[in-house]
Amino acid sequence: MCGIVGYAGRREAEPILVGGLRRLEYRGYDSAGLVTVTGPGAAHLRKRSGRLAALVEHLRDRPAPGCLGISHTRWATHGPATDANAHPHLSACGRVAVVHNGVIENYDALKRHLIADGVAFHSDTDTEVIAHLVGRNFDGDLLEAVRRTLPLLKGTYGLAVVSPDDPDTVVGARLGSPLVLGVGAGEHFLASDPGALVGYTQDVVYLQDHQVCRITADDWDIFDRELSKVTASVHQIEWAEEDTDKGGFEHHMLKEIHEQPETLESAMRGRLSDAEASAHFGGLNVDPQQLRRAKRIILTACGTSYHAAQVGEYLIEEFAQIPVEVEYASEFRYRNPPIDHDTVVIAISQSGETADTLAAVRESKRKGHLTLAVCNVVGSSIARESDGGIYLHAGPEIGVASTKAFTSQVLTLAMLALHLGRLRHLSALQGARMIAEMRALPDLIRRTLACDADARRVAEKYAGCTSFLYLGRQYLYPVALEGALKLKEISYAHAEGYPAAEMKHGPIALIDPNTPSVFLALKGAIHEKAMSNLEEVKARRGPVIAVATAGDEVVAAKADDVLFVPDVPDYLQPLVAVVPLQLLAYHVARIRGCDVDKPRNLAKSVTVE
Ligand code: AGP
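Quantities reported herein were computed from a predicted structural model and do not represent experimental measurements. (Residues numbered from 1 in each chain as written. Predicted model: local features only at pLDDT ≥ 70, side-chain atom pairs only at ≥ 80, totals over all residues. Heavy atoms only, no water.)

Quick look at helix H14 (residues 428-439)
And step 1. In a regular helix each residue adds 1.5 Å, so 12 residues correspond to 16 Å; H14 covers 16 Å between its end C-alpha atoms and thus fits that length.
And step 2. Of the positions making up H14, those classed as buried are Gly-431, Met-434, Ile-435 and Met-438. The buried residues of H14 occupy one face: seen down the axis, they fall within an arc of 100 degrees. (Helix = DSSP H or I, 4+ residues; strand = E, 2+ residues; numbered from the N terminus. Expected span 1.5 Å × (residues − 1). Buried < 20%, exposed > 50% of the residue type's maximum accessible area, 1.4 Å probe, protein only. Arc of directions from axis to C-beta.)

What follows is the structure, encoded as structure tokens:
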């Protein structure tokens, strides 16, 4: 999912266009490019395949002058990571340049039509089609040219367009992919997400679908698809510049793992009420009666957020006694399951922009279900389009591999389970005990982070292994899935998570001395059962890396390596148990020389289907 930036002002545009890309690079890093405009016929196009650093290097030799321009960092959807496929793309006449985030689904038909009309293409991208079409519709008024072109496009876009023949204007448009407009004094900005504008402005306008915008140095406007002006509200960005740097850590991921005690504190801030022995959420925006009537809850999400939803299923069923189903958003949006009106659908998304989850929200709303969201990014599409929701307040998560968002999602779902439970049968005593146990978490996570050195030692021992199994039961089963995902996405080692007891029904065949099993064997309701599963692996001479409760000598005696965590109640174990798995994956990836923050083929926010 690409990142785009636009600028119109009185400062040199190049450093701002590059600075914005630096903050968006987690969205895609296959290639980068920009174009600035200095007057009629003067467009300065610079682009390079590979990381942003390659473009910066190129700009050192050939700076791009001018106080207006657009830039792009790419996650390839159409065509490999080459200079030719890098954005911006120019129209045949060279008078229009476009950067785009999204997918034009009918680009092939449009391309064949343009080729039949004699247009020569220079890239494999869907985006180049947009440039040629805007170029054909351009008669000096860029806004009008974009308006005429958009109805021809099928698919999703967040795009920005400039022309040397309309040199004071940047035009943007949004359908499906996020786009924000930044309001400054004598300068204005466009960006795929507000994080790119931190340090330039705190004032942003979120474009809705089918809206078009125009920025100049002194002005900004939002229009609907007929170019009638739309009144839009300006929001304040919550984050500060220092929130997006590494804070002295080697990687954003390691910083974010170590931020978890604070992010859990901010997830709870102002939400736990001793008086009511319950949790409250200012933005839930739902009449308690409607929640009391809820007969079923559907949690829908993707990736790590899906694993948090799986923990949420255990939490809500245990503490609120409401049946819960967990759905992959990409399946849910097309599966069309029978849902009655007393069902509440809750979407979970760190970025709030994941296309499949956004589509699941729209599908649920189309069917008239109460649709709530748990998001981290304030003002994101999923948050704005849901009936109500809960923000994580975890701050920006820059590392592509999600860590602090996962623990904040799980804690938020635990607080939601408390809220729902107290609306039903959960006693004030039970509520008060849960509140006390949750409040103890930040310190418990601080103690858990002490296993970092052990995690590094274990990583050094197994970094050469090519296949890992992750095993857990009950609340720890989704954590096993999450641990496996973390290792896969940043170290590229194959890893699978399984319910520990499921092993003997097949996966145990994979066990051999080179396939380590990461075993979540914390003390709890079914510890003995988990221990017999651990014995089954040991019996087949499989190496066992156990995550165990501090002081559990039984596990220490059985496992080859142990990472200890503090003792917590079963329902909160996912929060402590995931930390050593995050650290293990981090160190294995670092030892293997992988780019931890920008793993290959991935992007932080998946805004295309
Ligand atoms: C997790 O580490 C990955 N980055 C990915 O699986 C992610 O969780 C998924 O794309 C969902 O993202 P979201 O929470 O922003 O919707």
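From this point, the narrative continues.
Regarding the site of the ligand
And step 1. The local shell around the ligand holds 14 residues, among which Ser-305, Ser-349, Gln-350, Thr-354 and Glu-489 are the closest.
And step 2. Thr-354 has a polar side-chain atom sitting 2.5 Å from an oxygen atom of the ligand.
And step 3. In this structure, Val-400 approaches the ligand through a main-chain N or O atom, which is 2.7 Å from a nitrogen atom.
And step 4. Notes on the ligand: free accessible area 410 Å², of which the protein chains cover 92%.
And step 5. The cavity where the ligand resides is the largest pocket.
And step 6. Breaking the shell around the ligand down by element, the ones donating at least two residues are helix H9 (303-320) and helix H17 (477-491).
And step 7. With 3 residues, H9 is the largest single contributor of residues to the shell around the ligand.
And step 8. Residue classes in the shell around the ligand are distributed as 4 nonpolar, 8 polar and 2 charged. (Near = heavy atom within 4 Å. Polar contact = N/O pair within 3.5 Å; in protein donor to acceptor, adjacent residues only side chain to side chain. Areas by Shrake-Rupley, 256 points an atom, 1.4 Å probe, with all protein chains shown as cover. 1 Å grid on protein atoms, 1.4 Å probe; cavity = no way out; pocket = protein on both sides within 12 Å on 5 of 7 lines; lining within 4 Å. Sits in = over half its atoms within 2 Å of the grid points. Nonpolar A, V, L, I, M, F, W, Y, C, P; charged D, E, K, R; others polar.)

Examining the sheet that holds strand S5 (residues 89-90)
By way of backbone hydrogen bonds, the strands of a sheet pair with one another, either parallel or antiparallel.
And step 1. Spatial ordering of the open sheet is given by S5-S6-S7-S8-S12-S13, a layout of 6 strands whose pairing is antiparallel. In the strand order of this sheet, the two ends are held by S5 and strand S13 (220-223), each with one partner.
And step 2. Two elements, strand S7 (residues 157-162) and strand S8 (residues 170-175), share 5 bridges in a ladder whose sense is antiparallel. When the bridges of S8 are listed, Ala-160 appears paired with Gly-172. (Pairing = 2+ DSSP bridges.)

Focus on the sheet that holds strand S17 (residues 296-301)
And step 1. If you trace the 5 strands from one edge of the open sheet to the other, you get S18-S17-S19-S20-S21, paired in parallel fashion. The open sheet is flanked by strand S18 (324-328) and strand S21 (388-391), the only strands paired with a single partner. Going from strand to strand, the sheet's axes swing by 20 degrees on average, the running direction of each strand aside.
And step 2. Relative to strand S20 (residues 370-375), strand S19 (residues 343-349) runs parallel, the two sharing 6 bridges. Its bridge partner lying in S20, Val-344 is registered against Leu-370.
And step 3. In the packing of H9 onto the sheet, the strands contacted are S17, S18 and S19, and the crossing angle to S18 comes to about 175 degrees. (Axes fitted to C-alpha atoms, helices over the stretch in contact; angles between N-to-C directions. Contact = heavy atoms within 4.5 Å.)

Comments concerning the side chain of Gln-573
And step 1. Residue placement: Gln-573 occurs in helix H20 (residues 573-591).
And step 2. A polar atom in the side chain of Gln-573 sits 2.5 Å from the backbone oxygen of Lys-523.
And step 3. Setting aside anything within four residues of it in sequence, one finds Gln-573 in contact with Leu-476, Leu-522, Lys-523, Gly-524 and Val-568.

Here's the deal with the layout of surface pockets
And step 1. There is about 500 Å³ of room inside the largest pocket.
And step 2. For the lining of the largest pocket, the elements supplying multiple residues, two or more each, are H9, S19, helix H11 (355-366) and H17.
And step 3. Considering each element in turn, the lining of the largest pocket owes the most residues, 3 residues, to H9.
And step 4. Tallied by class, the residues present in the lining of the largest pocket amount to 11 nonpolar, 11 polar and 4 charged.
And step 5. Of the volumes computed, that of the second largest pocket is approximately 390 Å³.
And step 6. In this structure, the second largest pocket is lined by 17 residues; those nearest its centre are Thr-156, Arg-333, Ala-359, Arg-362 and Glu-609.
And step 7. For the lining of the second largest pocket, the leading source of residues is H11, giving 6 residues.
And step 8. Taken together, the residues of the lining of the second largest pocket sort by class into 6 nonpolar, 4 polar and 7 charged. (Points joined across faces, edges and corners; volume = space filled by probe spheres on them.)

Structural notes on the nonpolar core
And step 1. Ranked by size, the top nonpolar core spans 99 residues in total, and within it Ile-297, Leu-315, Ile-316, Leu-411, Met-415, Met-438 and Tyr-470 carry the most contacts.
And step 2. No other element matches H20, which puts 12 residues into this core.
And step 3. Look past the residues within four positions of Ile-316 in its chain and what remains in contact with it is Ile-297, Leu-299, Gln-321, Ile-322, Val-324, Ala-417 and Leu-420.
And step 4. Counting 28 residues, the second largest nonpolar core, distinct from the first, contains Ile-130, Phe-138, Leu-150 and Leu-159. (Core = buried A, V, L, I, M, F, W, Y, C linked by side-chain atoms within 4.5 Å.)

Focus on the environment of Glu-187
And step 1. Mapping Glu-187 onto the fold places it in the loop between strand S9 (180-183) and strand S10 (188-191).
And step 2. The class of Glu-187 is buried, set by a relative accessible area of 10%.
And step 3. Placed 153 residues apart in sequence, Glu-187 and Leu-34 show a C-alpha to C-alpha distance of 18 Å.
And step 4. Beyond its immediate stretch of four places on either side in the chain, Glu-187 contacts Tyr-7, Ala-8, Gly-9, Arg-11 and Ala-217.
And step 5. A polar contact of 2.6 Å, which involves the side chain of Glu-187, links it to the side chain of Tyr-7.
And step 6. Engagement of the side chain of Glu-187 in a polar contact is seen with the side chain of Arg-11, the distance being 2.7 Å.

Focus: H11
And step 1. The terminal C-alpha atoms of H11, which comprises 12 residues, lie 16 Å apart, in line with the 16 Å expected from a rise of 1.5 Å per residue.
And step 2. The element H11 is largely enclosed, with a buried count of 9 among its 12 residues.
And step 3. Taken together, the buried positions of H11 are Ala-355, Asp-356, Thr-357, Leu-358, Ala-359, Ala-360, Val-361, Glu-363 and Ser-364.
And step 4. Next to the buried residues of H11 lie S17, helix H10 (329-335), S19, S20 and helix H12 (381-385).
And step 5. Phi turns positive, to about 80 degrees, at Gly-368, one or two residues after H11.

Looking at the state of the cysteines
And step 1. Overall, the coordinates contain 0 disulfides when judged by the stated rule.
And step 2. In this structure Cys-302 is a free cysteine whose sulfur lies 12 Å from that of Cys-375, the closest cysteine sulfur available.
And step 3. Relative accessible area serves as the criterion here: at 21%, Cys-302 is assigned to the partly exposed category. (Disulfide = S-S within 2.5 Å.)

In short, the description is geometric, and any link to function would need to be established separately.
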